[in-house]
Amino acid sequence: MFFTINSERKIGYKKLSRADLGLSPTSHQTHIGLYENMLDFLDNADTTTAMLIYGNYCDILNCDFDRIENPDGSYRSPKIRKGTTGGNTIVKQIRTFATANPQRNYFLIWFGLDNNELLFWLIDDTSNDYLQISSYLPRTNKVYDASQIDFSILLFYIEDKINKVSIKIQQELEITAQTGVNISKRRYKPIDIEKAQNRYKETGRKGEELINEYLGHQQRQSLIHSFTWENKNRESGKPFDFIINPGRGDEQYIDVKSTLYKFEQPLIFSNGEIHFIQSVANEKYSVFRVYDMNNIKSKLRICKSCLQYMRMLDGTIISFQKEMAIAAANVQEMKIAIKPNNTTFGNILDAIVL
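The shown structure was predicted, so the numbers you read here are calculated from the model rather than taken from an experiment.

Cut-off values and rules
Residues numbered from 1 in each chain as written. Predicted model: local features only at pLDDT ≥ 70, side-chain atom pairs only at ≥ 80, totals over all residues. Heavy atoms only, no water. Axes fitted to C-alpha atoms, helices over the stretch in contact; angles between N-to-C directions. Helix = DSSP H or I, 4+ residues; strand = E, 2+ residues; numbered from the N terminus. Parallel < 35°, antiparallel > 145°, perpendicular 65-115°, else oblique. Contact = heavy atoms within 4.5 Å. Nonpolar A, V, L, I, M, F, W, Y, C, P; charged D, E, K, R; others polar. Buried < 20%, exposed > 50% of the residue type's maximum accessible area, 1.4 Å probe, protein only. Lys, Arg positive; Asp, Glu negative; His and termini not counted. Salt bridge = Lys/Arg side-chain N within 4 Å of Asp/Glu carboxyl O. Polar contact = N/O pair within 3.5 Å; in protein donor to acceptor, adjacent residues only side chain to side chain. 1 Å grid on protein atoms, 1.4 Å probe; cavity = no way out; pocket = protein on both sides within 12 Å on 5 of 7 lines; lining within 4 Å. Points joined across faces, edges and corners; volume = space filled by probe spheres on them.

Chemist: I keep staring at the packing of helix 4 (residues 167-179) against helix 5 (residues 190-220) and nothing clicks. Help me out?
Modeler: Two packed helices can be described by the angle between their axes and the distance between those axes. Packing of helix 4 against helix 5 leaves a shortest axis separation of 8 Å and a crossing angle of 80 degrees. When the interaxial angle is binned, helix 4 and helix 5 end up roughly perpendicular. For the pair helix 4 and helix 5, contact is made by Gln170, Leu173, Glu174, Thr176, Ala177 and Gln178 and by Asp192, Ile193, Ala196, Gln197, Arg199 and Tyr200, respectively. Looking at the contact of helix 4 with helix 5, its residues break down into five nonpolar, four polar and three charged.

Chemist: What am I meant to see in the side chain of Asp314 here?
Modeler: Along the polypeptide, Asp314 turns up in helix 7 (residues 307-326). Buried charge Asp314 goes without a salt bridge, the closest partner of opposite sign being Arg311 at 8.0 Å. At 3.2 Å, the side chain of Asp314 and the side chain of His275 are in polar contact. Setting aside residues no more than four positions away along its own chain, Asp314 makes contact with Ile274, His275 and Gln278.

Chemist: Just checking my understanding: could you explain empty space enclosed by the protein for this structure?
Modeler: The method is simple in principle: a probe with the dimensions of a water molecule rolls over the atoms, and the space it marks as empty is what remains. Evaluation of the coordinates by the stated rule reveals three cavities of 30 Å³ or more. The calculated volume of the largest cavity comes to roughly 60 Å³. Counting residues per element, the ones that place at least two in the lining of the largest cavity are helix 4 and helix 5. Here the residues of the lining of the largest cavity sort into six nonpolar, one polar and two charged.

Chemist: Help me understand the side chain of Glu273, please; the structure alone is not making it clear to me.
Modeler: Its place among the elements puts Glu273 in helix 6 (residues 271-277). Overall, Glu273 belongs to the buried group, its relative accessible area being 15%. A distance of 3.1 Å separates polar atoms of two side chains, one belonging to Glu273 and the other to Lys257.

Chemist: Just checking my understanding: could you explain the environment of Arg187 for this structure?
Modeler: Relative to the elements of secondary structure, Arg187 occurs in the loop between helix 4 and helix 5. The partly exposed category is assigned to Arg187, whose relative accessible area is 47%.

Chemist: Honestly, the environment of Asn141 in this entry has me stumped. Any pointers?
Modeler: The residue Asn141 is located in the loop between helix 2 (128-136) and strand 8 (142-145) in this model. Since its relative accessible area comes to 47%, Asn141 is described here as partly exposed. Once the C-alpha coordinates of Asn141 and Lys14 are considered, the two residues, 127 residues apart in sequence, prove to be 4.1 Å apart. If sequence neighbours within four positions are ignored, Asn141 has contacts with Tyr13, Lys14, Lys15 and Tyr35. Reaching out from Asn141, the side chain makes a polar contact with the side chain of Tyr35 at a distance of 3.1 Å.

None of this, on its own, says anything about what the molecule does.
Here is the structure:
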């Protein structure tokens, strides 16, 4: 799982009041109160970000967290505030959801993630989530910890929920891991980017291992004569991963592009890879797109005939580099995100289960 609970391993659970939800006509409460004896890893006044989940909604929002200071210098009453700065906050979004269906009862689960970011899970009493969570958390207005019976089962259920509804965030992080560029307005923690980079390295290696097995099967079936895995022992740095000798005709170059997610996840090419592709014959180069690697069985679609598109891209890159040179600047390496569709590839074969 990508997102896991903080080592504090405590979960808060409360029924939200009308004042918490901003629905009380007599209250001007600007915060949602949390419980003592948890979230000790946060500073006493920490303006940060947090993840909010509600049904299939999942986003990273601003979160103004603080505690009240006592006369003796200690702190009490942790809370999250509505906030006065621009932009959406956890409290504002919770109240937006509640205002849309004010007749429902709302419950809030919260805890820290291993990136020291907070997570808030809003649940209403009409949802399947509420029915399920009530079997794990029989009492509201309580802090649960590892001393509770079946706490590990509860953790698995909650972490599984987080990782299922945060797929879009994980997809964005996979692209950021490859390009070094945050493609969204979300503020990602450095630890999440680092985790995504390590995960992508593992994904890339596993994808090449699957293609090595696939080509080995083709060779045993005499569908190809032989092949070479360029990165078998170490990363070669070449703009392709495999060379196939089909036994007839020229050698073919294969670049394996792997993802844990759907086929449509953008492919990332370096400017060096693009320059290589446009220099070889159309039939000599293919992208082996390995995808759905989060599932039990990964899939493969072979993408061919991208020469015309890559020549256009290569010309654009060269023109940009020349303009930068005029400005006494130098672009060392570029990462280009490309959609795997009929605009970029003239021939995309049907899916193969690996």
